[in-house]
Amino acid sequence: MTLPPEPAPIPDPAPDAGRNAVVASAAYCDGRRVADLPIAEAGAWATKENHFVWIGLWEPDESLLMEVKHQFGLHELAVEDALHAHQRPKLDVYGDSLFMVLRTARLEKGELVLGETHVFAGRGYVVTVRHGASSSYSSVRTRAESAPHLLKHGEDFIVYTIMDYVVDCYFPVLDQMAATVDELDALLIARPPSMAEIERIHQLRRDLERLRRNASPLLEVCSRLERFDLPMIDPAIRPYYRDVQDHVIRVNEQIGSLREVLSFAFETSMILASARQNDVTRKLAAWAAILAVPTAVAGLYGMNFEHMPELHWRYGYPAVLALIVAACAMLYVRFRRMGWL
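These lines cover the structure that appears in this document, whether it is placed above or below. (Residues numbered from 1 in each chain as written. Predicted model: local features only at pLDDT ≥ 70, side-chain atom pairs only at ≥ 80, totals over all residues. Heavy atoms only, no water.)

1. What to know about the overall build of the protein chain
The helix and strand inventory of the protein chain stands at 11 helices and seven strands. With 341 residues in all, the protein chain has 45% of them scored as buried. Expressed as a percentage of contacts within the protein chain between residues at least 6 apart in sequence, the contacts between residues at least 24 apart total 67%. Roughly 18,000 Å² of accessible area belongs to the protein chain as shown, and the carbon and sulfur atoms make up 56% of that amount. (Helix = DSSP H or I, 4+ residues; strand = E, 2+ residues; numbered from the N terminus. Buried < 20%, exposed > 50% of the residue type's maximum accessible area, 1.4 Å probe, protein only. Contact = heavy atoms within 4.5 Å. Areas by Shrake-Rupley, 256 points an atom, 1.4 Å probe, with all protein chains shown as cover.)

2. Topic: helix α2 (residues 62-72)
Along an α-helix, residues three or four positions apart point the same way, because every turn accommodates 3.6 residues. Among the residues of α2, L64, L65, E67, V68 and F72 are the ones counted as buried. Angular distribution of buried residues about the axis of α2 spans 155°; they occupy a single face of the element. For α2, the exposed residues set more than 90 degrees away from the buried face come down to S63 and H70. Lining the buried residues of α2 we find β1 (22-29), α1 (42-46), β3 (51-58), α3 (76-84) and β7 (125-132). Just past α2, the residue G73 takes up positive phi, approximately 65°. (Arc of directions from axis to C-beta.)

3. Observations concerning the packing of α2 against α3
Two numbers describe how α2 lies on α3: the axes approach to 11 Å, and their chain directions differ by 150°. By the angle between their directions, the pair α2 and α3 is classed as roughly antiparallel. Note on packing geometry: the crossing formed by α2 with α3 is right-handed. Contacts between α2 and α3 pair E62, L65, M66 and K69 from the former with E76, V79, A82 and L83 from the latter. For the contact of α2 with α3, a count of residues per class yields five nonpolar, no polar and three charged. (Axes fitted to C-alpha atoms, helices over the stretch in contact; angles between N-to-C directions. Parallel < 35°, antiparallel > 145°, perpendicular 65-115°, else oblique. Left-handed = near helix turned anticlockwise from the far one by under 90°. Nonpolar A, V, L, I, M, F, W, Y, C, P; charged D, E, K, R; others polar.)

4. Things to note about the pairing of β3
Here β3 lies mainly inside the structure; seven of its eight residues are buried. Pairing geometry for β1 and β3, over seven bridges, is antiparallel. Following the sheet pairing, A24 is matched in β3 by G56. (Pairing = 2+ DSSP bridges.)

5. Some words on α3
A78, V79, D81 and A82 are the residues of α3 that are buried. Considered in projection along α3, the buried side chains sweep an arc of 160° and stay on one side of the axis. Structurally, α3 contributes buried residues whose contacts are with α2, β4 (90-94), β5 (97-108), β6 (111-122) and β7. Positive backbone phi, approximately 60°, marks A85, located one or two places after α3.

Worth remembering: the numbers are spatial, not functional.
In structure tokens form, the structure reads like this:
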């Protein structure tokens, strides 16, 4: 099932509490939008033949969710989850309706910020409740409405498009993370990491793990939607959840790949740092051995004995200096051959 190209994102109105949290509420028939309607009339429209209602909410208060619950007969446990948020991605079945939790992700100033989308779906309705950081779903609605031959599939198609959009939004986040990882990889090979870079590596690994924890459960969700006989999911639509599952698999593989690159880069950096340290240690040891020769000879002649070798010989001083230079030169050549200098 191929959707039309995605248009430019349409920003949501900034909702306040209560009814201003209703981003969109519309009724559809045969794949076309037939009416914008208030929540109080949504239940009646959902019972009309060949009609369904698609409602989008952003951080609604309890009174609004209770009204939506009354209109569609939503299960109280699902409504409670949607009200308090902070849920793990999951799929719950309540009678002839579904409740799904999806986790959205975006990067803000280089930091991963997660949000939540709760989806209620049943015969005649789809309700999405968004919390926290999330891209607008206006583009999803616009794309769906521009393809009435697809939208006429109804509620299960809407659930598919929402899941597909949420999962596809992971890829830009991973692309930005991959660019940062590649940059760090190049820096770590060139020189030892600074404290700021080590902290950045830790943050990236933590963000990737958070993203993995929120993307991995979608594999099970897609598998259930595809393979099991769930309410309001038509057999013709089930294979399309496999496409979403394939995207989730790609997300998890990319996360794993980035984690490995970070680990290998850091380990390589530590190995190189250790090799550089050994290099410096060998050089210091070689120079210490070379300098030990004049130090030993100078120490010997500084003991003020009355009878000392060559003490009264006219050429004693130059001879000792020549001996020191020769010994140091011999040691220098030897250490150069050994690769210590």
